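So the chains spell out like this:
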Amino acid sequence: MRKTVDSIRQWDYSQQGLSQKKNPQPGLEFSVVSYNILAQCLLEDNGYLYTHCQPEVLRWDYRKQTLLGELHRSDADILCLQEVQYEHYEDFFKPKLSELGYRGRYKKRTGNKRDGCAIFYKSKVFTLEKWMSIEYCKAGIDILDRDNIALIFMLQPRGGRETVCIVNTHLLFNPNRGDIKLAQMSILMAEIDKFAFRHLSNANDAVYHPVVVCGDMNSEPHCHLYTFVSTGTLDYEGLVAGDISGQAGGHNSRRRLSKELVPSSLGISDNCQYVETIRKRVGGAKDERRDSDSESLAQTNRDSERNWPFKFSSGRLSHRLNLISAYSHKLNRLGGKSEVTTHHSRGSCTVDYIFYSVQNKDSIMHDDKVVHRNVSEGPLQLLATYGLLSSGELKRLGGLPNSVLPSDHVPLMAKFLLKRNS
């Protein structure tokens with residue numbers, strides 16, 4: 001079965017990737033994996049999803065070695081893992097991956113949950129400049145009462161190239177509560193805006209370090225949540241909560257969203273930016289320009305006035321991170337059939353993603369799908385993605401997990417070129 005999987009999963013190179021193979025450009029080539037490894041506690045709590053599997057492939061003693069082999073075989077420079085059981089991180093993944101040259105950090109879900117997210121990186125390739133964890137659960141706020149979390153790293157390539165911001169998250173599963181997922185994502189966008197910010201441009205626009213966002217979003221391609229991430233805007237007022245993530249089962253909730261999503265008490269505007277952060281950011285720009293360039297200062301003041309007062313509960317969310325999916329969600333080798341990232345006895349679909357930031361793009365909706373045009377990559381350039389499988393191919397392999405694919409998710413992997421910042 002291993003040979004069958006390897007024969008199907010091949011690298012799919014972008015035009016930039018093909019050019020890089022023929023005529024290498026200076027910069028760091030690195031790879032990123034995003035992988036929901038299926039926490040053993042969740043497998044055992046939801047055994048009805050895995051009745052199609054041979055019992056031996058579900059045992060932790062078997063799965064942990066197969067998972068480690070999968071990660072080792074990827075040889076990725078960065079590993080973003082979801083559903084990592086706390087004791088398995090401490091007792092297995094941390095020491096075993098350390099032996100393979102990785103260092104990492106972990107964040108357990110809040111409350112009484114036993115799993116969480118981890119990011120590992122090859123210490124010979126990167127150093128960790130700074131990092132933070134995010135808890136989406138906020139006391140006293142009903143829409144933010146779930147235990148999901150995120151991790152953000154700023155990694156510095158050895159050799160002093162441009163730094164890169166790596167994000168790993170696992171959003172709420174519940175298909176009926178797309179409103180919660182959207183609120184969680186708005187918080188994540190605000191945290192990235194603050195964490196990855198570099199400086200203001202001469203036009204007073206935020207300039208960010210390159211960003212890669214990985215994770216299990218529990219949302220299908222081109223749904224409302226995906227549209228928000230990849231186009232940068234979403235008019236959410238009136239949307240049906242059960243439709244926002246596009247998942248099967250969401251039809252049970254037909255409640256429509258009002259204008260109020262994230263309460264203003266969090267200090268996050270509808271542009272998914274912390275108000276206090278923006279005030280300090282613009283104020284700093286004023287201080288820098290005060291004595292040297294009166295016209296620049298006047299422009300900064302005009303831009304500030306245009307952005308004040310900050311909007312809250314307007315019915316529209318936006319962000320300025322310019323993210324697009326590394327994967328196309330279609331298998332060209334199978335005539336456009338859908339890629340699948342998760343499979344169990346209740347069905348198969350795509351819920352896992354690797355998004356990355358570009359310099360400029362025009363995003364539109366065409367036939368209910370997000371289409372990007374005039375994409376201009378910056379210092380971070382996509383070289384290739386590691387091919388996924390179709391639902392039919394996974395069924396012919398016996399479904400997930402199996403003897404060579406030890407989770408109910410398939411690992412995603414992308415190669416990038418990180419160029420020196422000009």
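Residues numbered from 1 in each chain as written. Predicted model: local features only at pLDDT ≥ 70, side-chain atom pairs only at ≥ 80, totals over all residues. Heavy atoms only, no water.

## Here we look at the sheet that holds strand 23 (residues 412–418)
Move 1: Strand order in the open sheet made by the 7 strands is 1-22-23-2-3-5-4, with mixed pairing throughout. Each edge of the sheet is formed by a strand with only one pairing partner; in this case those strands are strand 1 (11–13) and strand 4 (102–108). On average, each strand axis in the sheet is inclined to that of its neighbour by 25°, with strand direction left out of account.
Move 2: Sheet analysis places strand 3 (residues 78–85) next to strand 5 (residues 115–122), joined by 6 bridges and oriented antiparallel. Each residue of the ladder has a partner; that of V84, found in strand 5, is G116.
Move 3: Those strands touched by helix 2 (residues 15–22) are strand 1, strand 2 (28–36), strand 22 (380–386) and strand 23, and its axis lies near 95° from that of strand 22.
Move 4: Along the sheet face, helix 5 (residues 86–99) touches strand 3, strand 4 and strand 5 and points at about 155° away from the line of strand 3. (Pairing = 2+ DSSP bridges. Helix = DSSP H or I, 4+ residues; strand = E, 2+ residues; numbered from the N terminus. Axes fitted to C-alpha atoms, helices over the stretch in contact; angles between N-to-C directions. Contact = heavy atoms within 4.5 Å.)

## Comments concerning the environment of P24
Move 1: Within the secondary structure, P24 sits in the loop between helix 2 and strand 2.
Move 2: Each C-alpha atom of the pair P24 and E135 lies 41 Å from the other, and the pair is 111 residues apart in sequence.

## Remarks on the pairing of strand 11 (residues 211–216)
Move 1: Among the 6 residues of strand 11, 6 are classified as buried, and the element is accordingly described as predominantly covered.
Move 2: Taking every second residue as pointing to the same face, both faces of strand 11 are buried, with V211, V213 and G215 on one and V212, C214 and D216 on the other.
Move 3: With 5 bridges joining them, strand 11 and strand 19 (residues 352–357) adopt antiparallel strand pairing. Residue V213 lies in a different strand from strand 19, and its bridge partner there is F355. (Buried < 20%, exposed > 50% of the residue type's maximum accessible area, 1.4 Å probe, protein only.)

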